[in-house]
Structure formats: C-alpha cells, structure tokens
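Here is what each chain is made of, one letter per residue.
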Amino acid sequence: MKIPLSNPDITAKEIKAVTEVLKTPNLSFGPKLDEFEKKFAKYIGAKYAVAVNSGTSALHLCIKSLDIKEGDEVITTPFSFIASANCMLFERARPVFVDIREDNFNIDESKIEQAITKRTKAILPVHIFGYPCEMDKIMKIAKKYKLAVIEDACEAIGAKYKGKNIGSFADCGVFAFYPNKQMTTGEGGMIVTNSSKIAEMCYSLRNQGRDQGMEWLAHTRLGYNYRLSDINCALGIVQLSRIKEILKKRTRVAEMYSGKLRNIEDIILPAHNICEIERSYFVYVIQLKEYFSQRQRDSIITKLKNSGIACNKYFPAIHFQPFYKAMFGYKKGDFPVTEKISGLTIALPFFNNLAVKQISFIEKKLKQIIREVKK
Ligand SMILES: *Cc1c(COP(=O)(O)O)cnc(C)c1O
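Residues numbered from 1 in each chain as written. Predicted model: local features only at pLDDT ≥ 70, side-chain atom pairs only at ≥ 80, totals over all residues. Heavy atoms only, no water.

(A) How the structure looks around the pattern of salt bridges. Overall, the coordinates contain 27 salt bridges when judged by the stated rule. Between lysine 38 and aspartate 34 there is a salt bridge, and its shortest N-O distance comes to 2.9 Å. Placement of both lysine 38 and aspartate 34 in helix 2 (residues 31-44) is noted, with a separation of four residues, approximately one turn of the helix. Look at aspartate 34 and you get partly exposed, because its relative accessible area is 39%. For the salt bridge of aspartate 136 with lysine 162, the shortest nitrogen-to-oxygen distance reads 2.7 Å. (Salt bridge = Lys/Arg side-chain N within 4 Å of Asp/Glu carboxyl O. Helix = DSSP H or I, 4+ residues; strand = E, 2+ residues; numbered from the N terminus. Buried < 20%, exposed > 50% of the residue type's maximum accessible area, 1.4 Å probe, protein only.)

(B) Just the packing of aromatic side chains, in detail. According to the stated counting rule, one finds 26 aromatic pairs in the structure shown. Centroid distance phenylalanine 79 to phenylalanine 129: 5.9 Å. Interplanar angle 80°. Geometry classified as edge-to-face. Of this pair, phenylalanine 79 sits in the loop between strand 2 (73-76) and helix 4 (83-89) while phenylalanine 129 sits in the loop between strand 4 (120-123) and helix 5 (135-144); the two residues are 50 residues apart in sequence, bridging distant segments of the chain. The exposure class assigned to phenylalanine 129 is buried, which follows from its relative accessible area of 4%. On the numbers, 4.4 Å between centres and 10° between planes, the contact of tyrosine 257 with tyrosine 284 is stacked. Highlighted residues: tyrosine 257 in helix 8 (residues 243-261) and tyrosine 284 in strand 12 (residues 284-288), separated in sequence by 27 residues. Comparing tyrosine 257 with tyrosine 284 shows no difference in burial state: the two are buried. The ring of phenylalanine 81 has lysine 181 lying over it, and the distance from NZ or CZ to the ring centre is 5.9 Å. Here the basic side chain of arginine 210 rests over the ring of tryptophan 216, its NZ or CZ set 3.7 Å away from the ring centre. (Phe/Tyr/Trp six-rings, centres within 6.5 Å; stacked < 30°, edge-to-face > 60°. Lys NZ or Arg CZ within 6 Å of the ring centre and 35° of its normal.)

(C) Looking closely at the layout of surface pockets. Space inside the largest pocket adds up to approximately 480 Å³. Taken together, 21 residues form the lining of the largest pocket, with Leu247, Thr251, Asn273, Glu278 and Arg279 sitting closest to its centre. Considering each element in turn, the lining of the largest pocket owes the most residues, eight residues, to helix 8. Along the lines of polarity and charge, the residues of the lining of the largest pocket split into seven nonpolar, seven polar and seven charged. (1 Å grid on protein atoms, 1.4 Å probe; cavity = no way out; pocket = protein on both sides within 12 Å on 5 of 7 lines; lining within 4 Å. Points joined across faces, edges and corners; volume = space filled by probe spheres on them. Nonpolar A, V, L, I, M, F, W, Y, C, P; charged D, E, K, R; others polar.)

(D) Examining the sheet that holds strand 10 (residues 267-268) more closely. With antiparallel pairing, three strands are arranged side by side in an open sheet as 10-12-13. Across the chains shown, the open sheet's two edge strands, defined by having one partner strand only, are strand 10 and strand 13 (345-348). In this structure, strand 12 lies alongside strand 13, joined through four bridges in antiparallel fashion. Bridge assignment links tyrosine 284 to a residue of strand 13, and that residue is leucine 348. (Pairing = 2+ DSSP bridges.)

(E) Representation of the site of the ligand. If you check the shell around the ligand, you find 13 residues, and the closest are Gly55, Thr56, Asp152, Glu155 and Lys181. Within the side chain of glutamate 155, a nitrogen or oxygen atom sits 2.5 Å from an oxygen atom of the ligand. Starting from 380 Å² of accessible surface for the ligand in isolation, the protein chains cover 92%. Structurally, the ligand is housed in the second largest pocket. (Near = heavy atom within 4 Å. Polar contact = N/O pair within 3.5 Å; in protein donor to acceptor, adjacent residues only side chain to side chain. Areas by Shrake-Rupley, 256 points an atom, 1.4 Å probe, with all protein chains shown as cover. Sits in = over half its atoms within 2 Å of the grid points.)

(F) Spatial organisation of the nonpolar core. Grouped together as the largest cluster of nonpolar side chains are 45 residues, with contacts concentrated most on Phe36, Phe40, Ile75, Ile123, Phe175 and Met190. Within the residue set of this core, elements represented by two or more residues are helix 2, strand 1 (48-52), helix 5, strand 9 (189-193), helix 7 (230-241) and helix 8. Here this core takes five residues from helix 2, the largest share from any one element. Beyond its immediate chain neighbours, meaning those up to four positions away, phenylalanine 175 contacts Phe40, Ile44, Gly55, Ala153, Cys154, Ile157, Ile166, Gly167, Gly189, Met190 and Val192. (Core = buried A, V, L, I, M, F, W, Y, C linked by side-chain atoms within 4.5 Å. Contact = heavy atoms within 4.5 Å.)

(G) Representation of the sheet that holds strand 6 (residues 160-161). Taken together, the three strands give an open sheet; going across it, the order is 7-6-11, and neighbouring strands pair in antiparallel fashion. Among the strands making up the open sheet, the edge pair consists of strand 7 (164-165) and strand 11 (277-278). Examined bridge by bridge, strand 6 and strand 7 share two bridges and lie antiparallel to one another. Residue lysine 160 lies in a different strand from strand 7, and its bridge partner there is asparagine 165.

(H) Region of interest: the side chain of aspartate 9. Position of aspartate 9 among the secondary structure elements: in the segment before helix 1 (12-22). You can call aspartate 9 buried: its relative accessible area is 8%. A polar contact is formed between the side chain of aspartate 9 and the side chain of lysine 249, at a distance of 3.0 Å. Contact partners of aspartate 9, with chain neighbours within four places excluded, come to Glu14, Gln239, Arg242, Glu245, Lys249, Asn352 and Asn353.

(I) Summary view of helix 8. If you check helix 8, its first and last C-alpha atoms are 27 Å apart, about what 19 residues at 1.5 Å a residue would give, namely 27 Å. Along helix 8, the residues classified as buried are Ile243, Ile246, Leu247, Arg250, Val253, Ala254, Met256, Tyr257, Ser258 and Leu261. Where helix 8 is buried, its residues meet helix 2, helix 7, strand 10, strand 12, strand 13 and helix 12 (356-374). (Expected span 1.5 Å × (residues − 1).)

Laid out in structure tokens, this is it:
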C-alpha cells in the first residue's frame, strides 16, 4: 500500500468549471476573479478580498500595504512554514521571533510584550495546522502598543475563534490555496481586510502598481504581477462552494485517526477543540513523547516512508534554516519550545478521502516502527 501525504479533492464540478473558462476569452482578469473575491469575502466575513497567485504573495502585499520597511520589526513565531517570516525579509524588515505554546504550537501570547521594541510595527500570528491563536489577547496587546496585526490563516480556513472566522480579526488576514491546503486553486492566495485603504493598495500592487480604473499601461507605483488567473479562480469558486463538505470530511478523518492512535502511549495527538475554539484540519501532526530523540523521530519517518507511508517533519524551526542562522546568528536554545516540538513531530498522510483501511494500515505500521526504534 502506498499512501501520499496529501491529495486534493477535485470533482467533476471543478473540472467542468475550469473547462468552461477555457472556452471564453477571459483567461485572466475576467469575471471569475471578481466572483471568487466576493464569495470569499462573504464566507470569511470581511469587507474585501483580494486574490493573488500564492499565499506568499498575499503575505508580501500585506507587509507592503502596512508600509513595513527596512529597519522595522514584526513579531511572529519560528514554528511555521518559512513564508510567514520571509515576507518581512522581502522588504528588509526583521522578523522577531517569539516562542510557541506547548499545547497548540501557536505564538505564546504571554511572551509577546517582552519582544516589543520601538521598531515593532506589527504582529503576525500564524494559526498553525489550522488551530486558532488567542486572537482576543493578541488584538489587546496590538491595541495597547498601536501595532498592526496580520493573521497568517493559510492553514486555517474555516477555523473559528469565539464564533468568528479566523482571518477576520486583524487588519488583514491571509489564505493560501496550494494543493495540500484545505481548498485549492492549484496555486493561489487571498488577502481579506475591512480596510478600503489596504484593499486598494493590494489591488494595485498585485497588478503592476495600477490603480483601479486606470489604463492598462499607467502605473502609479512599483508593483508586481501577483494576479490569479480566471482558470484558478473558477477552481476556487467550486472548492469554496464545497468548503463545508470538505471541512467535515477532514474532521471525520482526524477523528478516525485519533480514535485509532489514542492507545499508542508514546505519542501525543493533535490539539483538539476547546471552549469557543474550533480548529480546521490542515494536516494531522502527532508528537512523540519527550523521551524520544530527534534522531529516533527521523528514523521513524524514514521507516514509515519505506513502508509506503508518506510523512514529513512539520515544521523544521525557521531560525535554524541556513540563511536565517547566517543573517541573525541564531543558536541552539534560542527558542526552546519550538526546537523541542520541531524535533518530535510527524505529519501523517491526511486528506479528505483517506480510507479507514489506510488509517488502520498506518496505525499498525506506526506502532510496529515505534516499538523497533525504542529498543
Ligand atoms: C502554505 C502556507 C503559506 C503560503 O504558501 P504558498 O505556497 O505561497 O501559497 C504561508 N504560511 C503558512 C503558514 C502556510 O502554511
């Protein structure tokens, strides 16, 4: 049995929608873009949505729109996909890392205030693996110090905090639609905001610095080509229309996993919902107990892969990536919780249509391999 790490859920409806666009002259900047943005903004509960060609582009445009530049600092965590810290570096601003919480791997909000300096411009919380950050506490700190907040919700579509959609709390929120995310457009991203100023700036920056309504070859400012084609948008519209079904399937798969893995005493299962916090499952990440070494974890991953079960380290600590170490001189012990968690976690295969039979196979192999490695 060979099981992939992720697998997009594409139906005949998506194929039809994409094919329909291909029969029109509007392959990009056509009606599907506007439709996708309007529907997305409505779903999240934000005034504006701006579609772009990746989550990374979306993060970059938030940084630009908030006028974050050289010498400025933005507080975030080193336990994330690298784009959430790289977006500051694109503008020569500095990501200032705050360590994570052991229970849900999100930014430890009790450590944010001590990281604030005169140069701090914003906080960028990442809702890691789809688990909501403590947004009330983060927004309170931001208000006190007059900081902007950018939510990296790339892994958290549909997650809720106190009844509200993640991505709708801050100055702007960012989503991503790479094929391993909950919903996909092939490649793609979205910025959501209630600020007309941020939205206008993002519309302009994604489209070569043109202001809306301007002629095609008129450019107000330095911009980019971060546009999302109508082909991608058509795919996104159908995926968004299925989002309830998609999230339900993912929760069901996660629950099946947890039901089966609950009896393995060497592992800790993913953080689950607590009062007023409802997660969305991006990946299914287990954590080995503390008596395992990173080398043992790596060996479990290799053995799982050799048995046909795709899996991965989610995530290696960003401050240990070679160019971060070279730029900022990070060393072991700088962010101890991140370092511990990133040495013990394993992302297992996770997608909408993962079958009970496959989960049973993974359970059996995982148990057997952990036993071997523990010896
Ligand atoms: C996926 C992801 C992104 C953006 O990814 P793209 O591949 O550029 O779409 C950003 N931050 C996090 C936390 C992510 O998981």
